[in-house]
Amino acid sequence: MGKSFSASIRGFADRTKQAQVDILRSSLEDVMAVASVTQASAKTRAGPAEQGAIPRDTGHLVNTVASDVNGSGQFAIDADNDVTLSINAMEAGDKLHIAWTAAYAHRINSGFTGTDSKGRTYNQPGVHWVENAAEKWSAIVDANAEFLKV
């Protein structure tokens with residue numbers, strides 16, 4: 001005899017929940033891939049910075065990415081793949097916070113005009129790599145949902 005109707009519904013619900021988690025994790029990995037694109041630093045680059053990519057000189061800025069799931073208080077840089085470990089631990093409904101913790105990260109992303117604490121004057125436009133990745137979120141989720149046939 002076949003499955004009962006309620007068992008069939010339970011199976012569908014379980015598959016749907018797992019699909020949500022799969023789409024969430026895949027989409028977060030994809031958006032982090034966009035946010036991790038680098039470009040030559042101002043020291044070696046000829047011309048203006050490319051919008052949407054992190055300038056890379058020593059690698060310090062790129063390597064200060066940190067994550068925190070659900071405000072756990074664990075917002076620190078751990079071993080390699082800290083963000084990947086956080087993503088793989090997530091379930092539907094969880095909140096992932098990601099930041100680049102270098103002291104100058106916000107300034108590189110958003111730009112800075114004015115005089116800094118050392119008396120140096122800047123008119124530095126931001127490269128907006130965070131916003132570039134965030135803008136792609138909906139399209140990434142849609143593509144993953146289509147790929148996973150949900």
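Below is a summary of the structure that appears in this document. All of these numbers come straight from a predicted model, not from anything done at the bench. (Residues numbered from 1 in each chain as written. Predicted model: local features only at pLDDT ≥ 70, side-chain atom pairs only at ≥ 80, totals over all residues. Heavy atoms only, no water.)

Notes on the environment of T101
Along the chain, the position of T101 falls in the loop between β4 (96-100) and α3 (105-110). Distance in space between the C-alpha atoms of T101 and H60 is 9.8 Å, their sequence separation being 41 residues. Within the structure, the side chain of T101 is placed 3.0 Å from the backbone oxygen of T64, a separation counted as a polar contact. (Helix = DSSP H or I, 4+ residues; strand = E, 2+ residues; numbered from the N terminus. Polar contact = N/O pair within 3.5 Å; in protein donor to acceptor, adjacent residues only side chain to side chain.)

Notes on the packing of helix α1 (residues 5-35) against helix α5 (residues 137-147)
Contact geometry for α1 and α5: axes closest at 9 Å, N-to-C directions at 135°. Classed by the angle they form, the pair α1 and α5 counts as oblique. In this structure, α1 crosses over α5, and the sense of that crossing is right-handed. Taking contact as the criterion, the partners of I23, S26, S27, L28, D30, V31 and V34 in α1 are, on α5, W137, I140, V141, N144 and A145. Split into classes, the residues belonging to the contact of α1 with α5 amount to eight nonpolar, three polar and one charged. (Axes fitted to C-alpha atoms, helices over the stretch in contact; angles between N-to-C directions. Parallel < 35°, antiparallel > 145°, perpendicular 65-115°, else oblique. Left-handed = near helix turned anticlockwise from the far one by under 90°. Contact = heavy atoms within 4.5 Å. Nonpolar A, V, L, I, M, F, W, Y, C, P; charged D, E, K, R; others polar.)

Details of the pairing of strand β3 (residues 65-69)
For β3, a buried count of five out of five residues is recorded, marking the element as mostly surrounded by other parts of the structure. Relative to β4, β3 runs antiparallel, the two being bridged by five bridges. Bridged to A66 within β4 is A99. (Buried < 20%, exposed > 50% of the residue type's maximum accessible area, 1.4 Å probe, protein only. Pairing = 2+ DSSP bridges.)

Examining the packing of aromatic side chains
Counting across every chain of the model gives two aromatic pairs. When the ring centre of Y122 is taken as reference, the NZ or CZ atom of R107 above it lies at 4.2 Å. (Phe/Tyr/Trp six-rings, centres within 6.5 Å; stacked < 30°, edge-to-face > 60°. Lys NZ or Arg CZ within 6 Å of the ring centre and 35° of its normal.)

Focus: helix α2 (residues 82-89)
The periodicity of an α-helix, 3.6 residues per turn, causes residues three or four places apart in sequence to face the same way. Turning to α2, its buried residues number three or more, namely D82, V83, S86 and I87. Seen end-on, α2 carries its buried residues on one side only, within an arc spanning 135°. Those residues of α2 that are exposed and angled more than 90 degrees off the buried face are L85 and A89. (Arc of directions from axis to C-beta.)

Re the packing of α1 against α2
Running from N to C, α1 and α2 point in directions that differ by 160°, and their axes come no closer than 9 Å. Between α1 and α2, the angle is such that the two are roughly antiparallel. Between α1 and α2 lies a crossing of right-handed hand. From α1, R25, L28, E29 and M32 reach across to α2, where they touch V83, I87, N88 and A89. Considering only residue class, the contact of α1 with α2 consists of five nonpolar, one polar and two charged.

So, unusual backbone geometry
Located in the positive-phi region is N70, a residue other than glycine, with phi close to 55°. Inspection of the secondary structure puts N70 in the loop between β3 and α2. For N70, a relative accessible area of 43% translates into the label partly exposed. The backbone of H128 sits at a positive phi, close to 55°, despite the residue not being glycine. With respect to the secondary-structure elements, H128 resides in the loop between β6 (121-125) and α4 (129-135).

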